[in-house]
Amino acid sequence: PDRRLLAVEPTPKTCAQLRANVDCNEFGDRIETIEGGVGNEDGTRQFFVSTYAELSGFDRESATRWEASLAETVDVPIYRVDTLAATRPAPDAIKIDVEGASPAVLRGARETLETHRPTLFIEIHEEGLSTDTGSEAREVLDAVDYTIAERDGYWRCEPA
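Values in this document were obtained by computation on a predicted structure and should not be read as measured data.

1. Focus on the sheet that holds strand 3 (residues 37-38)
With mixed pairing, 3 strands are arranged side by side in an open sheet as 3-5-4. On the outer flanks of this sheet lie strand 3 and strand 4 (43-50), each paired with one strand and no other. Bridge count for strand 3 against strand 5 (residues 70-79) is 2 bridges, and the pairing is parallel. Bridge assignment links Val-38 to a residue of strand 5, and that residue is Tyr-79.

Right, here's the structure in full:
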């Protein structure tokens, strides 16, 4: 009960559902919800909402995998993990599930990874994408001296 959670969700409908669940369960004192995304720079980006909600992302390719189509596009604020961490307690763990954008998130978290050394749980999401997100993510993690334990469907990353 003394832990705090920061949840960042770019899909407006999903973020509204998340906030409703937080309120319904009276976790507002422990869970902060931000409607937006994470990446390698602060700003605003176009977000592609897929007809398969779990495929929604910041690139059209991700949102239209596996016969999905585009439901809508919305502009959402983007934050670097380093920006978010600068005004909050140091993170113990970070879960990254960003439909193939994990390299950008890791680049925007470099200072946090070097300074606070949190455990990372990363869903890489390479299937159906034209870029090698796993190799890109591995390069960033190697540069900040993290080890990677590949699990079924995710990576667990620890400071070396």
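2. Some thoughts on the sheet that holds strand 7 (residues 119-123)
Strands sit in the order 6-7-9-8 across an open sheet of 4 strands; the sheet is mixed. Two strands in the sheet have a free side with no partner beyond their single neighbour: strand 6 (93-97) and strand 8 (146-150). The sheet shows a mean angle of 20° between the axes of neighbouring strands, direction not considered. Inspection of the sheet shows strand 8 paired to strand 9 (residues 155-159) by 5 bridges, in the antiparallel sense. Its bridge partner being in strand 9, Ile-148 is matched across the sheet by Cys-157.

3. Brief notes about a negative patch on the surface
A contiguous patch of negative charge on the surface is contributed by Glu-136, Glu-139, Asp-142 and Asp-145. Summarising the element assignment, Asp-142 is placed in helix 6 (residues 133-143).

4. Re the pairing of strand 5
Here 8 bridges tie strand 4 to strand 5, and the two strands are oriented antiparallel to one another. If you follow Thr-44 over to strand 5, its bridge partner there is Pro-77.

5. Description of the environment of Val-81
Position of Val-81 relative to the elements: it lies in helix 3 (residues 81-85). Between the C-alpha atom of Val-81 and that of Ile-148, which follows or precedes it by 67 residues, the distance is 20 Å. For Val-81, the residues in contact, after removing those within four places along its chain, are Val-38, Ile-94, Val-105, Gly-108, Ala-109 and Thr-112.

6. A closer look at the pattern of salt bridges
By the definition in use, this model includes 10 salt bridges. A salt bridge links Arg-80 to Asp-42; the nearest nitrogen and oxygen atoms lie 3.7 Å apart. Here Asp-42 lies in the loop between strand 3 and strand 4 and Arg-80 lies in the loop between strand 5 and helix 3, a separation of 38 residues in the sequence. Taking relative accessible area as the criterion, Arg-80 reaches 26% and is therefore assigned partly exposed. Exposure remark for Asp-42: the relative accessible area of 39% places this residue in the partly exposed category. The salt bridge partner of Asp-97 is Lys-95, with a shortest N-O separation of 3.7 Å. Given a relative accessible area of 35%, Asp-97 falls into the partly exposed group. Each member of the salt-bridge network shares a partner with another, and the members are Asp-42, Arg-80 and Asp-82.

7. Things to note about the nonpolar core
Formed by 20 residues in total, the largest nonpolar core has its most connected members in Leu-106, Leu-120, Ile-122 and Leu-141. Discounting chain neighbours no more than four positions away, the residues touching Ile-122 are Ile-96, Ser-102, Leu-106, Leu-141, Tyr-154, Trp-155 and Cys-157. With 6 residues, the next largest nonpolar core counts Phe-47, Val-49, Phe-58 and Ile-78 among its residues.

What counts, and at which threshold
Residues numbered from 1 in each chain as written. Predicted model: local features only at pLDDT ≥ 70, side-chain atom pairs only at ≥ 80, totals over all residues. Heavy atoms only, no water. Pairing = 2+ DSSP bridges. Helix = DSSP H or I, 4+ residues; strand = E, 2+ residues; numbered from the N terminus. Axes fitted to C-alpha atoms, helices over the stretch in contact; angles between N-to-C directions. Patch = residues over 30% accessible without salt bridge, like charges linked within 9 Å, V, L, I, M, F, W, Y side chains within 5 Å. Areas by Shrake-Rupley, 256 points an atom, 1.4 Å probe, with all protein chains shown as cover. Salt bridge = Lys/Arg side-chain N within 4 Å of Asp/Glu carboxyl O. Lys, Arg positive; Asp, Glu negative; His and termini not counted. Charge placed at Lys NZ, Arg CZ, Asp CG, Glu CD. Contact = heavy atoms within 4.5 Å. Buried < 20%, exposed > 50% of the residue type's maximum accessible area, 1.4 Å probe, protein only. Core = buried A, V, L, I, M, F, W, Y, C linked by side-chain atoms within 4.5 Å.

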